[in-house]
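Fold and geometry: a report
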Number of protein chains: 4
Amino acid sequence: MKFQQLKQEVCQANRSLAEAGLVVLTWGNVSGVDRQAGVMAIKPSGISYDQLQPKDIVVLSLETSKVIDGNFRASSDTPTHLLLYQKLPSVGGIIHTHSTYATCWAQAQRQIPCLGTTHADHFHGPVPLTRQLKPEEIASDYEHNTAKVIIEYLSAEEANPEQVPAVLVPQHGPFVWGNSPVAALENAIALEEIARMALYAVLLNPQAQQLPQALLDKHFNRKHGSNAYYGQED
Amino acid sequence: MKFQQLKQEVCQANRSLAEAGLVVLTWGNVSGVDRQAGVMAIKPSGISYDQLQPKDIVVLSLETSKVIDGNFRASSDTPTHLLLYQKLPSVGGIIHTHSTYATCWAQAQRQIPCLGTTHADHFHGPVPLTRQLKPEEIASDYEHNTAKVIIEYLSAEEANPEQVPAVLVPQHGPFVWGNSPVAALENAIALEEIARMALYAVLLNPQAQQLPQALLDKHFNRKHGSNAYYGQED
Amino acid sequence: MKFQQLKQEVCQANRSLAEAGLVVLTWGNVSGVDRQAGVMAIKPSGISYDQLQPKDIVVLSLETSKVIDGNFRASSDTPTHLLLYQKLPSVGGIIHTHSTYATCWAQAQRQIPCLGTTHADHFHGPVPLTRQLKPEEIASDYEHNTAKVIIEYLSAEEANPEQVPAVLVPQHGPFVWGNSPVAALENAIALEEIARMALYAVLLNPQAQQLPQALLDKHFNRKHGSNAYYGQED
Amino acid sequence: MKFQQLKQEVCQANRSLAEAGLVVLTWGNVSGVDRQAGVMAIKPSGISYDQLQPKDIVVLSLETSKVIDGNFRASSDTPTHLLLYQKLPSVGGIIHTHSTYATCWAQAQRQIPCLGTTHADHFHGPVPLTRQLKPEEIASDYEHNTAKVIIEYLSAEEANPEQVPAVLVPQHGPFVWGNSPVAALENAIALEEIARMALYAVLLNPQAQQLPQALLDKHFNRKHGSNAYYGQED
């Protein structure tokens, strides 16, 4: 099988996405990239997670955006994944879900404030909200334009996608990434839980304060960057 | 066994309803129709889902509303299902539940606003609330009259039951349909999740806006209708 | 084994209570009564549900309130159960839990309003809140006095314990009953779910209205009483 | 294996912590102490609970704070556990989690009020909130200083750590203890559930009252202290 390792990783991450409780029906997809081979691999559209096999995964060229391997139609969100890989060279895996709590912030059209160290362990600041797509951006090339507004946001804010590996698209839901499909999955799980805790925290205290900079930096850097001391040494 | 395929489909959909977490105790029922044979089939009243067998399913004539097959008493909600099938020729499966989140909107006597693309993927606009039944409509033929107010709503609004395949009856709960029992089940699962996300979204932002028309149309039509491009080709 | 059938029923109902998700740690207990034999049987104190065996169940005399069978210390709530059986001759099974949603209404010191037909299917009106115990009622015979305030409430209201088979004790939690341990269990499961739906409904609409009398009567009587037509004939 | 019993207890308590639903990813750790041997044992950093084996547990000297046994790097929260054991001689097991509901109170920067008997059965009063760490306390020896603010709180309030075996560190989460790892685990499970019930109770009634002293004392002492009568005699 061509692209065997990439297909296996992407298949497994999609199955784990469902097992982690982040999807209802078929509402979510994981992709991965092989920069050397110049390809991305993604879940086929509308297929159940528990039936998914590595051979079902669809592979596309990053350069031409064309399918080069696979028997199924790729996820309808494929153009979003493609443009994100093309514009964000450090990203190795991307996930789109409608996971309950992250999506409710997107539907409320609010960014997720950084209210705790749990959040800061994974996201170096609030999980931002992009702008809305314009009617003409919805009418044609909708999925491509969804990535365009994400890239536009990151550029305008000079945001480092490794520091805050997720955004919310308003009235839609989260897009999450990482340096591999499994790293993106961990970020998607973390996002859902911090979205849930932030909902409850603002219900208890609508004026809940975001973390001071010192605590935000401490927790993020404890797990990430050159002086990280969480986990085992590689 | 007569009506074997229909009974199997209806039995399986009832069992799946419980497995999907949409029922507590025996609070829910699925029916299906065979238009050619002129019959509907429904769960027997008060029987546990995990013991349900195809042979237990009750079959009724659409024309006479009489039981024509089955050893058990039919669900007490049978007259509601019957009238809906009689009045809505495109409907192939119907579900009534007291699923937690959809029911809380019915108890709050609010329609479920269309706050996100998840909602728009399944329902082309808000999930509406019918009027209350009048005391005399409750006193006799209650279950029949429950369908009557649903039909009355759809007629008055000139609503297409395929565009928004669910309604809430106030202080009661949801009625959901589809072109088959399994399609109705998928709509019931989607309804419960969008009801849950809408609850959290309005807690976060009581003024949360409904989807603009362009985004509503885009997502609904991406999955439904002649130009749908979600899922695999048939 | 003496009282074998009663012990088996009570053991099984306690195990089912845990399986239904109504208890955390060992926070809950089910008892049953044999009116002919003049005894009640109850869970031993602080024993895990999944290890519970019929032989572990403790049996007490209704007349003398003394233990007459069993090797373990009875639940610390035993005096509450005893007095309820002594004063309410129609009751066959009693459950006390700290189930999450019913308890949060008790902690909020609010009765659970009857906001939906789900509620009316099981409880013919709001689930009431008793008065608080006085300091002297807490200081001695606390568990006995807990039943005393429940009986006092039912007497003052001339309430039929079969119409509303549960009360909330403020800042404490629910006490639920039925004509057998398994009937009490079904009521405890129904109570927890209607408490949950009522919480969400009042968050969506703080002015949510209770059911009109006609709808309340219709649903309760559909399942209970001489003209009930829900479920199968006995 | 050296320290075999301690390692087994700590390993099992960490696995049970995950099974009890108190951790997402690897966000939580349990430690235990052997006062005779002068050592504490703790989970290694960033290792999955379901793979954890007794041999993986890291052992440190209470006197020197140095690792004396184990092949893995200890939890990054080890200095917090160490100082708590050094300052609180009655403590035998400590747990730190980011469990959802306890953490949302920490993020809201509110203590958990004692709103019910469930709370009083485990905590003799509100679960308190420490002060925030200062920027210089975050910048160096952060984990050590986290214990310092906890000890500072307990000293200033002359609080008995056996009466209220948990605190919240603001914008961070709960620290929980007991006279053994398994006792700490029971307290962590109780804390999460009472945090959840208190959230719902204050949503239903923002002015919900705390327990009167007589009821608080009654329930705590029913389970704890010399006249306890809950559970079986030892």
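Structure: above.
Below you will find a few notes about this structure. In this text the structure is predicted, and so the values were computed from the model without any measurement.

**Things to note about the relation of the copies chain D and chain C**
The operation relating chain D to chain C is a screw motion whose rotation component is 90°, with 0.0 Å of axial translation and a residual RMSD of 0.0 Å. Overall, the copies show the geometry of a four-fold rotation axis. Nearest to the rotation axis, the C-alpha of Leu203 of chain D is located 5.5 Å from it, this being the minimum over chain D.

**Regarding the pattern of salt bridges**
For the structure shown, the criterion picks out 32 salt bridges over all chains. With a closest N to O distance of 2.8 Å, Glu152 of chain A and Arg131 of chain A form a salt bridge. Of this pair, Glu152 of chain A sits in helix H6 (residues 142-156) while Arg131 of chain A sits in the loop between helix H4 (117-120) and helix H5 (135-139), placing them 21 residues apart in sequence. We classify Glu152 of chain A as partly exposed; its relative accessible area is 36%. Relative accessible area serves as the criterion here: at 27%, Arg131 of chain A is assigned to the partly exposed category. Two residues, Arg222 of chain C and Asp77 of chain B, come together in a salt bridge whose shortest N-O distance is 3.4 Å. In this pair, Arg222 of chain C sits in helix H8 (residues 213-223) while Asp77 of chain B sits in the loop between strand E4 (67-69) and helix H2 (78-87), so the two residues belong to two different chains. Via salt bridges that share partners, Arg131, Glu137, Lys148 and Glu152 of chain A belong to a single interconnected network.

**Remarks on the interface of chain D and chain C**
The interface is formed by 35 residues belonging to chain D together with 32 residues belonging to chain C. At the level of elements, helix H4 (117-120), helix H7 (181-204) and helix H8 (213-223) of chain D are the ones that each hand at least two residues to the side of chain D that touches chain C. Its residues assigned to classes, the side of chain D that touches chain C shows 17 nonpolar, 10 polar and eight charged.

**Thoughts on the relation of the copies chain A and chain B**
Once turned by 90° and shifted 0.0 Å along the axis, chain A lies on chain B with an RMSD of 0.0 Å. Take the interface residues of chain A: only 3% of them recur as interface residues in chain B, which is what a contact between different surfaces looks like.

**With respect to the pairing of strand E3 (residues 58-61) of chain D**
Residue and element names in this part refer to chain D. Neither face of E3 is exposed, since Val58 and Leu60 on one face and Val59 and Ser61 on the opposite face are all buried. Bridge analysis of strand E2 (residues 39-42) against E3 gives four bridges, and the strand direction is antiparallel. Within E3, the residue paired with Ala41 across the bridge is Val59. Turn length for the E3-strand E4 (residues 67-69) hairpin, with the two strands adjacent in sequence and antiparallel, is five residues, and the turn residue Ser65 shows positive phi of about 65°.

**A word on the sheet that holds strand E7 (residues 173-178) of chain C**
Backbone hydrogen bonds hold the strands of a sheet together, and the pairing may be parallel or antiparallel. Residues and elements named next belong to chain C. In spatial order, the strands read E4-E3-E2-E1-E5-E7-E6; together these seven strands make up an open sheet with antiparallel pairing. The two strands at the open ends of the sheet, each matched to only one other strand, are strand E4 (67-69) and strand E6 (166-169). Each strand of the sheet is rotated relative to its neighbour by a mean of 25°, with strand direction disregarded. Here four bridges tie strand E5 (residues 93-97) to E7, and the two strands are oriented antiparallel to one another.

**Focus: the side chain of Ser99 of chain B**
By the element assignment, Ser99 of chain B lies in the loop between strand E5 (93-97) and helix H3 (100-107). Sequence-distant contacts of Ser99 of chain B, defined by excluding residues within four places in its chain, comprise Leu22, Pro174 and Glu192 of chain B.

**Focus: the nonpolar core**
Within the largest apolar cluster, 148 residues are counted, with the highest numbers of intra-cluster contacts made by Trp105 of chain A, Trp105 of chain B, Trp105 of chain C together with Trp105 of chain D. Beyond its immediate stretch of four places on either side in the chain, Trp105 of chain A contacts Arg110, Gln111, Ile112, Pro113, Leu168, Ala195, Ala198, Leu199 and Val202 of chain A together with Leu204 of chain B.

**Some thoughts on the packing of aromatic side chains**
In the structure shown here, the tally under the stated rule is eight aromatic pairs over all chains. In textbook terms, an aromatic cluster arises when at least three aromatic residues are bridged by ring pairs, as seen for Tyr101 and Tyr200 of chain A, Tyr101 and Tyr200 of chain B, Tyr101 and Tyr200 of chain C together with Tyr101 and Tyr200 of chain D. Across from the ring centre of Tyr49 of chain B, 4.8 Å away, lies the NZ or CZ of Lys43 of chain B, which sits over that ring.

**Here's the deal with the pairing of E7 of chain C**
Residue and element names in this part refer to chain C. Among the six residues that make up E7, six are buried, leaving the element largely enclosed by the rest of the structure. Relative to E7, E6 runs antiparallel, the two being bridged by four bridges. Along E7, the bridge assignment pairs Ala166 with Val176.

**What to know about helix H8 (residues 213-223) of chain B**
If you check which residues of H8 of chain B are buried, you get Leu215, Leu216, Lys218, His219, Phe220, Arg222 and Lys223 of chain B. Turning to H8 of chain B, the residues buried within the fold contact H5 and H6 of chain A together with helix H4 (117-120) of chain B. One or two residues past the end of H8 of chain B sits Gly225 of chain B, with phi positive at roughly 90°.

**Considering the interface of chain A and chain B**
Chain A puts 32 residues into the contact, and the matching count from chain B is 35 residues. For the pair chain A and chain B, the summed buried area comes to about 3,000 Å², and 57% of that belongs to carbon and sulfur atoms. On the chain A side of the contact with chain B, Arg73, Gln107 and Gln171 of chain A bury the most area, a combined 24% of that side's loss. Where chain A packs against chain B, one counts two salt bridges. Where Glu143 of chain A meets Arg222 of chain B, a salt bridge forms, and the shortest distance between an N and an O atom there is 2.7 Å. Between chain A and chain B we count 18 residue pairs in polar contact (both at pLDDT 80 or more) in total. Counting only elements with at least two residues in the side of chain A that touches chain B, the list comes to helix H3 (100-107), H5, H6 and helix H7 (181-204) of chain A. By residue number, the principal contributor to the side of chain A that touches chain B is H3 of chain A, which donates six residues.

**Quick word on the arrangement of the chains**
Regarding chain A and chain C, which are not in contact, the minimum distance between any of their C-alpha atoms is 11 Å. Note that chain B does not reach chain D: the shortest distance linking a C-alpha of one to a C-alpha of the other is 11 Å.

**Quick word on the state of the cysteines**
One pass over the full model with this rule turns up zero disulfides over all chains. Its sulfur unpaired, Cys104 of chain B is 14 Å from the next cysteine sulfur, which belongs to Cys104 of chain C. Residue Cys104 of chain B is classed as buried on the basis of its relative accessible area of 0%. The cysteine Cys114 of chain B is free of any disulfide, with Cys104 of chain A supplying the nearest cysteine sulfur at 16 Å. The class of Cys114 of chain B is buried, set by a relative accessible area of 3%.

The rules behind the values
- Just so you know, the residues in each chain are numbered from 1, in the order the chain's sequence is written.
- Whichever chain is written first becomes A and whichever ligand is written first becomes 1, with later ones labelled in order.
- Totals for whole chains, interfaces and linings use every residue, but because this is a predicted model, local features are given only for residues with pLDDT of at least 70 and side-chain atom pairs only at 80 or more, for both listing and counting.
- Hydrogens and waters are ignored; side-chain quantities use all the structure's heavy atoms.
- The copies were overlaid with a least-squares fit restricted to C-alpha atoms from residues scoring a pLDDT of at least 70 in each copy.
- Should a side-chain nitrogen of Lys or Arg be within 4 Å of a carboxyl oxygen of Asp or Glu, the pair is scored as a salt bridge.
- Going along the chain from the N terminus, every DSSP run of H or I of four or more residues is numbered as a helix, and every run of E of two or more is numbered as a strand.
- Per-residue accessibility, obtained with a 1.4 Å probe over protein chains only, is compared with the maximum for each type, and a residue is labelled buried under 20%, exposed over 50%, and partly exposed between these values.
- Two residues qualify as a contact provided that any one of their heavy atoms is within 4.5 Å of a heavy atom in the partner residue.
- All residues other than Ala, Val, Leu, Ile, Met, Phe, Trp, Tyr, Cys, Pro, Asp, Glu, Lys and Arg, Gly among them, are scored as polar; the first ten of these are nonpolar and the last four charged.
- Pairing between strands requires that DSSP locate at least two bridges from one strand to the other.
- Note on geometry: axes are C-alpha line fits, over the in-contact stretch for helices, and angles between N-to-C directions span 0 to 180 degrees.
- Definition of nonpolar core: a set of buried residues of the types Ala, Val, Leu, Ile, Met, Phe, Trp, Tyr and Cys, connected through side-chain atoms within 4.5 Å.
- Under the pairing criterion, centres of Phe, Tyr and Trp rings, with the six-membered ring standing for Trp, must be within 6.5 Å; the plane angle then separates stacked pairs below 30 degrees from edge-to-face pairs above 60, leaving the rest tilted.
- We call a charge positioned above a ring when the Lys NZ or Arg CZ atom is no farther than 6 Å from the ring centre and deviates by at most 35 degrees from the ring normal.
- As used here, buried area is the combined drop in accessible area, with a 1.4 Å probe, of two parts when they are placed together.
- Any N or O atom pair separated by 3.5 Å or less is treated as a polar contact, with the protein-specific requirement of one donor-capable and one acceptor-capable atom, and with residues adjacent in sequence counted only for side-chain atom pairs.
- Here, the term disulfide refers to a pair of cysteine sulfur atoms separated by no more than 2.5 Å.

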